[in-house]
Amino acid sequence: MAKIKQDSFKEFDEVLDNLKDASPKSKDYYKFIIGLATGTLIFSVTFLKEFHIFPEYKLILIIGWLCLLVSIIAGVLVLPKLDHLHARVQSLKGLLKSSEEIGVIVKKELQQHYIKTWIKSFIDPVFKDDKNRKEELYKTLDKLSTKRLKKFLKSLGLAGVKDSTAIHFIGDFFKEMFKFLSLIKMVEREKNPIFVFKSVRQNILQMFWFDRVMKYTFFVGIIAISFFSIINFLR
């Protein structure tokens, strides 16, 4: 895959930063609306006995309650969407800074990538003064299958270890780590640029509609209950 310059997505990166920075502020606002709608709903229900309910105005009160309830539900639904959007934006920003990682994910070689990185962390200190030998080893790694990469990494971890307890521990450690790496397929899907872009777009659209529903039903509910209360106090 062709390498992408880091400044190629500079303007888009700024848009992502704005989305990320706006999330905490929006979250506080949504929590405020949810709290106010919940308080108004509880207050109106609690003091219902103080009102002289006229049959012709019952519908106004019911509409107010339903609108506030819908507003609360929409607010509760939009909050996790904000968290999800924040996580997706972070993931997208990370991907845009690393064309190598994008290529690895697209080719579904993320597991091999992690193993090679760990192997290189063992190799680098040993061959720090022999760049040619190190480059040869790197090229050899690219030709190895996932199974052979795992064996190679395990052999590096066990190199020089003679204590039987330590050998057993290291063996179990790598065994569990390789089992954990089997989950990488899920990570590859979640970090796939196409999937991330699609997820961010869907999140923004869903948040837009939840936001509108929450605000409009909140104001309609507040107006309906206020109107009902004024009528009762004036009669």
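Look above for the structure.
To start, this report covers the structure provided alongside it. (Residues numbered from 1 in each chain as written. Predicted model: local features only at pLDDT ≥ 70, side-chain atom pairs only at ≥ 80, totals over all residues. Heavy atoms only, no water.)

**A few points about a nonpolar patch on the surface**
Then comes step 1: On the surface, Tyr 29, Phe 32 and Leu 36 cluster together into a nonpolar patch covering about 290 Å² of accessible area.
Then comes step 2: Among the secondary structure elements, Leu 36 is positioned in helix H1 (residues 10-46). (Patch = residues over 30% accessible without salt bridge, like charges linked within 9 Å, V, L, I, M, F, W, Y side chains within 5 Å. Areas by Shrake-Rupley, 256 points an atom, 1.4 Å probe, with all protein chains shown as cover. Salt bridge = Lys/Arg side-chain N within 4 Å of Asp/Glu carboxyl O. Helix = DSSP H or I, 4+ residues; strand = E, 2+ residues; numbered from the N terminus.)

**Quick look at the nonpolar core**
Then comes step 1: Counting residues in each nonpolar core, the largest one holds 19 residues, and the members touching the most others are Tyr 30 and Leu 68.
Then comes step 2: Of all elements in the fold, only H1, helix H2 (58-96) and helix H9 (193-234) reach the threshold of two or more residues within this core.
Then comes step 3: Per element, the largest residue contribution to this core is 8 residues, and it comes from H2.
Then comes step 4: Apart from the residues lying within four places of it in its own chain, the contact partners of Tyr 30 are Val 78, Leu 79, Leu 82, Asp 211 and Met 214.
Then comes step 5: Counting residues in hydrophobic clusters, the runner-up holds 16 residues, among them Ile 119, Ile 123, Leu 137 and Ile 184. (Core = buried A, V, L, I, M, F, W, Y, C linked by side-chain atoms within 4.5 Å. Buried < 20%, exposed > 50% of the residue type's maximum accessible area, 1.4 Å probe, protein only. Contact = heavy atoms within 4.5 Å.)

**Thoughts on the pattern of salt bridges**
Pairing between side chains of opposite charge can happen when their charged atoms approach one another.
Then comes step 1: Inspection of every chain in the model, using the stated rule, returns 5 salt bridges.
Then comes step 2: For Glu 136, the salt bridge identified is with Arg 133, shortest N-O distance 3.6 Å. Residue Glu 136 and its partner Arg 133 are both found in helix H5 (residues 131-143); the two are separated by 3 residues, about one turn of the helix.
Then comes step 3: Owing to a relative accessible area of 38%, Arg 133 belongs among the partly exposed residues under this scheme.
Then comes step 4: Note that Lys 215 and Asp 211 form a salt bridge whose closest N and O atoms lie 3.2 Å from each other. With Lys 215 and Asp 211 both in helix H9, this residue pair falls 4 residues apart, about one helical turn.
Then comes step 5: On the basis of relative accessibility, which here comes to 7%, the residue Asp 211 falls in the buried class.
Then comes step 6: Beyond isolated ion pairs, a larger network of salt bridges with shared partners links Asp 211, Arg 212 and Lys 215.

**Focus: helix H4 (residues 110-126)**
Then comes step 1: Look at H4: 25 Å from first C-alpha to last across 17 residues, which is about the 24 Å you get at 1.5 Å a residue.
Then comes step 2: Those residues of H4 not exposed but buried are Leu 110, Gln 111, Gln 112, Ile 115, Lys 116, Ile 119 and Ile 123. (Expected span 1.5 Å × (residues − 1).)

Such coordinate-based values are descriptive only and should not be taken to indicate function.
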